[in-house]
Amino acid sequence: MSPPMENVVVGTSDLAAHVDEALAVQALAFGLGPEEVAIRRQIVLRHLACPGARALAAWTEDGRLVGFVYGLPNDRTHWWSSVVQPYLRREGNDGWLDESFVITELHVLPDFQSRGIGRRLITAITDTAAEPRSILSAIDGDTPARRLYHALGYRDLARPVHFPSASRPYAVMGAPLPLLR
């Protein structure tokens, strides 16, 4: 049974100060174990220290974090770019790595999904981007996340993409900004 509809506020967040709450959301939304959460904690904190990194969070009225997004201007020297570049080059989409705002993570608690929170988070963060486009990676399948990204104007740039630590293939997607409404 889903919880009653609660008012959820989306706004800027000092995600570093709330990293453990955010990772608890990601663990539930993405099915992560404690070891993976510990690794991702260090990655998130490193990303948030990068120039231009920004985060938004979705909070209930009683102060519960139920979703978050963060991203940063893409840098070809970052690990993610180095992994996806050969796949993008193969598809003729290597140029998407330049002048793009990367959505690094976007997660919403399962009980709060399908309520427009993810859409509010991603559109709000990309609306403030100086870059003319956005890129991201998502599990390659017919998932609610991929349906949302397509509805917002993201298109597949390369798939399947295999990350060394992931058991499932991903798709790299890109969209001009502002995103479709």
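Use the structure listed above.
Residues numbered from 1 in each chain as written. Predicted model: local features only at pLDDT ≥ 70, side-chain atom pairs only at ≥ 80, totals over all residues. Heavy atoms only, no water.

### Some details on the overall build of the chain
Heads up, the rule is: The secondary structure listing takes helices from DSSP runs of H or I that are at least 4 residues long and strands from runs of E that are at least 2 residues long, numbered from the N terminus. We take the radius of gyration over the C-alpha atoms and set the globule estimate at 2.2 Å times the residue count to the 0.38 power. For each residue, the accessible area found with a 1.4 Å probe, counting protein chains only, is set against the maximum for its type, and the residue is called buried under 20%, exposed over 50%, and partly exposed in between. We call two residues in contact whenever any of their non-hydrogen atoms come within 4.5 Å of each other. Accessibility throughout is a Shrake-Rupley quantity obtained with a 1.4 Å probe, and a residue counts as covered only by protein chains that appear here. Neither His nor the chain termini are counted; the positive set is Lys and Arg, and the negative set is Asp and Glu. For this purpose, a charge sits on NZ of Lys, CZ of Arg, CG of Asp or CD of Glu.
Summing up its helical and strand segments, the chain has 5 helices and 7 strands in all. Going from the N terminus to the C terminus, the chain shows its helices and strands as β-α-α-β-β-α-β-α-β-α-β-β. For 181 residues, the compact-globule estimate of 2.2 N^0.38 gives 16 Å, and the C-alpha radius of gyration of the chain, at 16 Å, lies within 12% of that figure. Summarising its shape, the C-alpha atoms of the chain cover approximately 45 × 35 × 30 Å along the three principal directions. Burial analysis of the chain (181 residues in total) assigns 46% to the buried set. Intrachain contacts of the chain at a sequence separation of at least 6 include 68% that bridge at least 24 residues. As displayed, the chain has an accessible area near 9100 Å², and 55% of this comes from carbon and sulfur atoms. Across the chain, the mean location of the 18 positive side-chain charges is 5 Å away from that of the 20 negative side-chain charges.

### As for helix α2 (residues 34–48)
Put simply, the rule reads: The span expected for a helix works out to 1.5 Å for each residue beyond the first.
Compared with the 21 Å implied by 1.5 Å per residue over 15 residues, the 21 Å span of α2 between its first and last C-alpha is a close match. Taken together, the buried positions of α2 are V37, R40, V44 and L48. Of the surrounding secondary structure, the elements contacted by the buried residues of α2 are α1 (19–30), β2 (54–60), β3 (65–73) and β4 (100–108).

### Things to note about the pairing of β2
Condition: Criterion used throughout: strands pair if DSSP finds at least two bridges between them.
Extensive coverage of β2 is indicated by the burial of 6 of its 7 residues. Summarising the sheet, strand β1 (residues 8–12) and β2 pair through 5 bridges and their orientation is antiparallel. Note on β2: the bridge partner recorded for V8 is T60. Here 6 bridges tie β2 to β3, and the two strands are oriented antiparallel to one another. Following the sheet pairing, A58 is matched in β3 by G67.

### Side note on the nonpolar core
Convention followed: Here the nonpolar core consists of buried residues drawn from Ala, Val, Leu, Ile, Met, Phe, Trp, Tyr and Cys, with membership extended through side-chain atoms lying within 4.5 Å.
Residues L15, I103, L121, I122, L136, Y149 and Y154 are the most contacted members of the largest nonpolar core, which totals 43 residues. Ignoring sequence-local partners within four residues, the contact set of L121 consists of V10, L56, A57, A58, G67, F68, V69, L106 and V108. Membership of the second largest hydrophobic core comes to 16 residues, among which are V84, W96, V102 and V161.

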